[in-house]
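For reference, the chains in residue letters:
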Amino acid sequence: MKVTPIAIVVVGALLATMPWLGLPPFYDSFLYLVLSWVVLATSWNILSGYAGYFSFGHGAFFGAGLYTTTTLAAKFNWPFLWTLPAAAGVAALLGLGLGAVVFRVKRVRGELFALLTLAVTFVLATIVLNTPIDGGPGVYLNSVPVPPIGPTQAGTFYLLALGAAVGTLLIAWTIVRSKFGAGLFAIHDDEDAAEVLGVPTYGYKLGALAISAGLAGVAGGIHALFISYVTASEVFSITVPLTVVLMSVLGGTRHWAGPAVGAAVITVLLYSFTAADYAVAGKAMMGAVLIATILFMPDGILLRVLRLFGYGRRPPPVARSQDVMGSAAHREAVPKEAPALTTEVPVVVDLAAADSVVVAAMPSPASAATRAAAPITSRGSSDVLLRAHGLSKSFKGVKALAGVDVEVRAGEILGLLGPNGSGKSTFINVVSGHFAASGGRVTFEGREIGDLSAHRIAQSGISRTYQIPRPFAHLSVLENVAIAAMFGGATLSARAATDEARRWLQFTGLEDKATARPDELNLHQRKFLELARALASRPRLVLLDEVLCGLTPSEIDGAVALIRRIRDQGATIVFVEHVMRAVMALTDRVVVFNHGQLLAEGVASDVMKRPDVMTAYLGRAHA
Amino acid sequence: MSGFAWPSFNLLTQSILSGIFVGALYGLMGLGLGLSWGLLRLINLAHFAFAFLAAYLCYQLAHKGIDPLLSLALIVPLFFAIGAALHWVMARFALTPFSSLLLTFGLTGIIESLIQSIWTADFRKLESRYAEMKFKVGELFVPIPELITLVLAVGLAFAIWAVLRFTDAGRAMRAAAEDAPVAAAFGVNERALSLVLAGTCAALASVAGVCVALLFSLAPSQIYAWIGVVFAAVMLGGLGSAWGPLVAGLLLGISESVTMALTSPSWAPLVSFTLLILVLLLRPGKAGT
């Protein structure tokens, strides 16, 4: 089953015999450098490659570890090996501290994050240089004994770096295959959408940064003794972050082994230039390689090669579907009807006015409702599922919501109507936690949710769709839906989530698109992907923001049938819509917003006849 | 660590003055960088390499007896062409801001090696008739090369501001930066304009480079010394702004040199980066887009 980690360990064990082969010490030292870069590049990739937060501050973490070991070993006479956990700890703490501040500011993403982390490196260098940690002249580690692990000193360093590299690669592989990794990949593509689907983005970013920093700290600690003379200007130079970025981009940032491949290639290339006394040309070559990679191989060498050998388009961050289907442990989670249904044609599309046919062909709603493990039906003590009280939201003085009271009753389809700019989408954004409310309260199943972050709200059983679909662009359709199942209300394991995702792809008629990327879908299919994502967390309340907008009349009929079936499964629906035909057909009740206030409430056919509602929609002449 | 002591009033004003001069250079460096980032959505790390390449060219021409200011007549058109050519490539591949950062980093490495193989890694100092020229205002020394830098920085910031604000081309550039497809629909030739703008940014880098050559000793490794503080000036001043980098550069320059006068020179880098971090975190709406 788990071939990869075993392979990593076996290869590591084989490589560990190298120092005893009696090769010249040069090989140990050269391979030490390769492995050290493998650790640095792979650890950088955990935050920057998976979650897309490119950091130019890896030198800071490397340096923090390096100076921790230097200080503890040279000044406090700690045994060298004991300084390594301390180096990891100090670097990880630095990462946590940095992340705790930086990740709170929403705008510090992308280029700003990259440059901010670069600045941190220089700040740290200045502090080290001006305090007794270094003080300027550098620190010698000559007197620190090298632990006798290998037959020679060079062999010892090689073995230490090998151990760190094997550990780092195992960690990277585990993360890519885990729920944590899936969440990081989701953050990479669309952080807001990930949060709304239940991914604890802040915690995940912090965790990834701490792991990444800690591993870089270990590499730094080992390197301190390897170079044995430490100067701040060398340690905190621009070389470490830039080389690490180059290696990862070259190898491929979306694969656990990509940075390692890049590290090996670059170190060997650099060495061959240095050895031939062309160090200057080596630097130019690195630049040329980087440019060529950005222009012609933006996905990196590794994925290019894997694709060449037909290994699919990219490694799945979520468990492969074959694994899932073959796993007996999880088979019981799949409803009996589902496998049989895979042969059916997707029926939702273009079935105008044939609701009954659609319903018959779909997985029976009863099968979902009766499953004890996933109670999609609301079991609230009161009739009211969600209550917004005096809810308001201002944007720099503009009152998008000016104190609305809305009750959503369990099991109903509530239409949320109003002219453009009346506050409908803002209502959904505030209830789902996308925006924090400026005032008022929201209770869901009797619990206050107004102060919760978006991922908590998602986990407590509310999901939403975006008016303009926001799929995760680099994940397949199946993986997109699996993210929701993993992190939303049901919070399944990566495996079970894939099962669940397949079910909802069937439900929305997208199962033959499971391996496609979102950009291969048409608008109608992307809207249904949005729906499948919202449903996969088995929410008790679904907020639909103009799911019908932009669809053709026949597609609307299919979607209306689908929404009816969602309600039949027991979910409560709030439905923002302009397509009146659908509103009339679907809603039990409507509320009308105007200028951020509640204008009317009642049965759709009655409310729409009211003069004030007609005025709001159509202007005064019609009143 | 040197002890903390209040410097004399004279020392303080002299250090404020030198802060203004070095800050003007930060602003001049940041002008083209910020325009490229704000209006073209390309983060051009090679901006610094361009500046140093221009500085070395100026050094070489001065060696042949050409006045540094006269050499601008040759250097500026050359770098305009280089900048436009680079932009042509980046536009062809439709790079994201982040890819442009990585690509121009690679280019910086290439230019650095080029400089190193032609002029070696040793420090080189431009000898010009301006080098020793200075005059005295009261107790303060005003060196001419620094004054030239200040005049160029203010003059170019004003020129760019006026072009962006009052000419059709400037307005079209700002419109294209806001929404390229819509601007194109209104008849803005976005591709031609961005080539001109990219060329202008590189030309501005070369002017900054000539000032670097006038003021400092040159070494290829020094390319990287400018990145942090100039980016700080650009982000503090606002992307795509003409005056912003200059104002922020002056602020950074003055606080750095006052810090140096009050404590020790080695603490200076802390000032700009601490300011940058604080501004990014406390007023994130202002910095970046």
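What you see is a predicted model, and the numbers here were worked out from it, not measured in a lab.

1. Regarding the sheet that holds strand S11 (residues 589–594) of chain A
All names here are of chain A.
Right, on to step 1. The strand order S8-S9-S10-S5-S11-S12 describes an open sheet built from six strands, whose pairing is mixed. Edge strands, defined here as strands with exactly one partner in the open sheet, are strand S8 (462–464) and strand S12 (597–602). The sheet shows a mean angle of 20 degrees between the axes of neighbouring strands, taken without regard to direction.
Right, on to step 2. Pairing analysis gives five bridges linking strand S9 (residues 541–545) to strand S10 (residues 572–576), with the strands arranged parallel. The residue bridging Leu544 from the neighbouring strand is Phe575, located in S10.
Right, on to step 3. Sitting on the sheet, helix H20 (residues 424–431) is in contact with strand S5 (413–417), S8, S9, S10 and S11, with an inclination near 145 degrees to S9.

2. Examining unusual backbone geometry
All names here are of chain A.
Right, on to step 1. If you check the backbone angles, Asn77 has positive phi at about 55 degrees while not being a glycine.
Right, on to step 2. You will see that His595, though not glycine, has its phi angle at about 50 degrees, which is positive.
Right, on to step 3. Along the polypeptide, His595 turns up in the loop between S11 and S12.
Right, on to step 4. For His595, a count of 15 C-beta atoms within 10 Å gives the class partly exposed.

3. Overview of the sheet that holds strand S7 (residues 447–448) of chain A
Residues and elements named next belong to chain A.
Right, on to step 1. Reading across from one edge, S4-S3-S6-S7 is the order of the four strands in this open sheet, with antiparallel pairing throughout. Looking at the sheet topology across the chains shown, the edges are occupied by strand S4 (398–409) and S7.
Right, on to step 2. Strand direction decides the pairing type here: strand S3 (residues 384–395) and S4, joined by nine bridges, are antiparallel. Its bridge partner lying in S4, Leu386 is registered against Val408.

4. Brief notes about the pairing of S3 of chain A
Residue and element names in this part refer to chain A.
Right, on to step 1. The hairpin formed by S3 and S4 contains two residues between the paired strands, and Lys396 there has a positive phi angle of roughly 50 degrees.
Right, on to step 2. By the bridge criterion, five bridges tie S3 to strand S6 (residues 439–444) in an arrangement that is antiparallel. Note that in S6 the partner of Ala388 across the bridge is Val442.

5. Some details on the pairing of S12 of chain A
Residue and element names in this part refer to chain A.
Right, on to step 1. Pairing analysis gives five bridges linking S11 to S12, with the strands arranged antiparallel. Opposite Asn594, over in S12, you have Gln597 as the bridge partner.
Right, on to step 2. What sits between the antiparallel neighbours S11 and S12 is a turn of two residues, in which His595 has the positive phi angle 50 degrees.

6. Quick look at the domain arrangement of chain A
Residue and element names in this part refer to chain A.
Right, on to step 1. Considered domain by domain, chain A is made up of domain 1 (7–248) and domain 2 (384–461 + 539–622).
Right, on to step 2. Contacts between the two partners involve eight residues from domain 1, matched on the other side by six residues from domain 2.
Right, on to step 3. A total of three residues in the side of domain 1 that touches domain 2 trace back to one element, the largest contributor, which is helix H8 (residues 191–196).

Rules used in this analysis
Residues numbered from 1 in each chain as written. Chains lettered and ligands numbered in written order. Predicted model: local features only at pLDDT ≥ 70, side-chain atom pairs only at ≥ 80, totals over all residues. Pairing = 2+ DSSP bridges. Helix = DSSP H or I, 4+ residues; strand = E, 2+ residues; numbered from the N terminus. Axes fitted to C-alpha atoms, helices over the stretch in contact; angles between N-to-C directions. Contact = placed C-beta atoms within 7 Å. Buried ≥ 20, exposed ≤ 12 C-beta atoms within 10 Å, placed from the backbone. Domains from an automatic or database assignment.

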